[in-house]
Amino acid sequence: LRSNRLEAAGFQHAFSTAIGPNRAIFDLAGPGSSPMGTDPATSEAALRRFAREFGENRPIATVTQVHAADVVVAPTTPGTEADAIIVEDARTIAAVRTADCVPILIGCPKTGFAAAVHAGWRGIVADVPGATIDALRRRGAEPRNLIAAIGPAIGLDTFEIGEEVAVAFEAARLAPFVRRGPGRPHADLFGGTVSRLLAAGMKREMIEGEPVCTASDDRFFSHRRTSGRTGRHLSGISGITRNRDSTDPVL
């Protein structure tokens, strides 16, 4: 899946689905770490296929995601703990893994930098989207000109939460994204993500995506739907190289 705005600005990017060649399962978990037991060699082949969508011999920068608001700049190691990766070149792919959490891809046409963000409910409460935009701002970005694409994640109707999660949302000024009663509360991760991006200075028209629910759509992996025994999507983006004789970004 791709964003029209990011593509028009020259950012190579992609949100993977659970469906691979010949409709085989396309699990992009790290080799040897898939909760569904995908063979490491199969995982490595899937990762190479994903990278080839960006071009030959492209490195993928990933991290150990910890559901917080730490932002790092590539190059990274898989053991680096963070939930957002900034890439400053047009070759490296910054990528995050999800299976119900929110993947966000951000491009800065001014600097050419890009970021991949993993935002579960804890990350949204901790404001990892805002932390990422702040990190891009410190590198010369203007938040109002950033482009963001939000990928598929668990939806409001299926994301039933406990009272402690509802209270955490409300304490973080995200009460409009908690639906209460009858029964247990539910959380709107898509709406919360958009709210955080807007609060960080982005314009609504620069945010693409719609609330496609991973837990109710078989095209996607879902931790909630399968009680944790599922694969992982990869959402990746590369930066762009700026033409020194122009203010417009080019590949």
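Before going into details, it helps to say that this report is about the structure given with it. Going along each chain's sequence as written, the residues are numbered from 1 onward. Selection of residues for local features in this predicted model requires a pLDDT of at least 70, selection of side-chain atom pairs for listing and counting requires 80 or more, and totals for whole chains, interfaces and linings are taken over all residues. The side-chain quantities take in all heavy atoms of the structure and omit both hydrogens and water.

### Description of the packing of aromatic side chains
Consideration 1: Aromatic contacts are taken between Phe, Tyr and Trp rings whose centres are within 6.5 Å, Trp giving its six-membered ring; a plane angle under 30 degrees counts as stacked, one over 60 as edge-to-face, and the others as tilted. Applying the stated criterion across every chain yields a total of one aromatic pair.
Consideration 2: Aromatic side chains F50 and F54 sit 5.5 Å apart centroid to centroid with 45° between the ring planes, which places their arrangement in the tilted category. Per residue, the accessibility class of F50 equals that of F54, and both read buried. Burial here depends on accessible area, computed with a 1.4 Å probe over protein chains only, as a share of the maximum for the residue type. Under 20% is buried, over 50% is exposed, and the range in between is partly exposed.

### Examining the sheet that holds strand β11 (residues 207-208)
Consideration 1: Paired strands, in this sense, are two strands between which DSSP finds at least two bridges. Each helix corresponds to a stretch of at least 4 residues labelled H or I by DSSP, and each strand to a stretch of at least 2 residues labelled E; elements are numbered beginning at the N terminus. Taken together, six strands build an open sheet; the order of strands is β3-β4-β7-β6-β8-β11 and the sheet is mixed. Single-partner strands in this sheet number two, and they are β3 (71-73) and β11.
Consideration 2: Pairing between strand β6 (residues 102-107) and strand β7 (residues 114-119): six bridges, direction antiparallel. Among the inter-strand pairings, G107 is bridged to a residue of β7, identified as A114.
Consideration 3: Note on definitions: a residue-residue contact is assigned when non-hydrogen atoms from the two residues lie within 4.5 Å. Each axis is a line fitted through C-alpha atoms, and for a helix only the stretch in contact is used; angles between axes span 0 to 180 degrees, taken between their N-to-C directions. Helix-sheet contacts for helix α4 (residues 128-138) involve β3, β4 (84-87), β6 and β7, and the interaxial angle to β7 is about 165°.
Consideration 4: Packed on one face of the sheet, helix α6 (residues 189-199) meets β6, β8 (147-150) and β11 and runs near 170° to β8.

### Structural notes on helix α5 (residues 163-171)
Consideration 1: Buried within α5 are the following residues: V165, A166 and F169. With its buried residues spanning 100° around the axis, α5 presents them on a single face. Looking at α5, the residues exposed on the side facing more than 90 degrees away from the buried face are E164 and A171.
Consideration 2: Next to the buried residues of α5 lie α3 (121-126), β9 (178-179), β10 (186-187) and α6.
Consideration 3: Immediately downstream of α5, the backbone of R173 shows phi near 65°, a positive value. In this description, one arc is meant: the one made by directions from the helix axis to the C-beta atoms.

### What to know about α6
Consideration 1: With eight of 11 residues buried, α6 lies mostly within the body of the structure.
Consideration 2: Turning to α6, its buried residues number three or more, namely L189, F190, G191, G192, T193, V194, R196 and L197.
Consideration 3: Pairs of N or O atoms are called polar contacts if they sit within 3.5 Å, as long as, within protein, a hydrogen donor faces a hydrogen acceptor (for residues adjacent in sequence, only side-chain-to-side-chain pairs). Capping the start of α6, D188 holds a side-chain oxygen 3.3 Å from the backbone nitrogen of F190, two or three residues further along.

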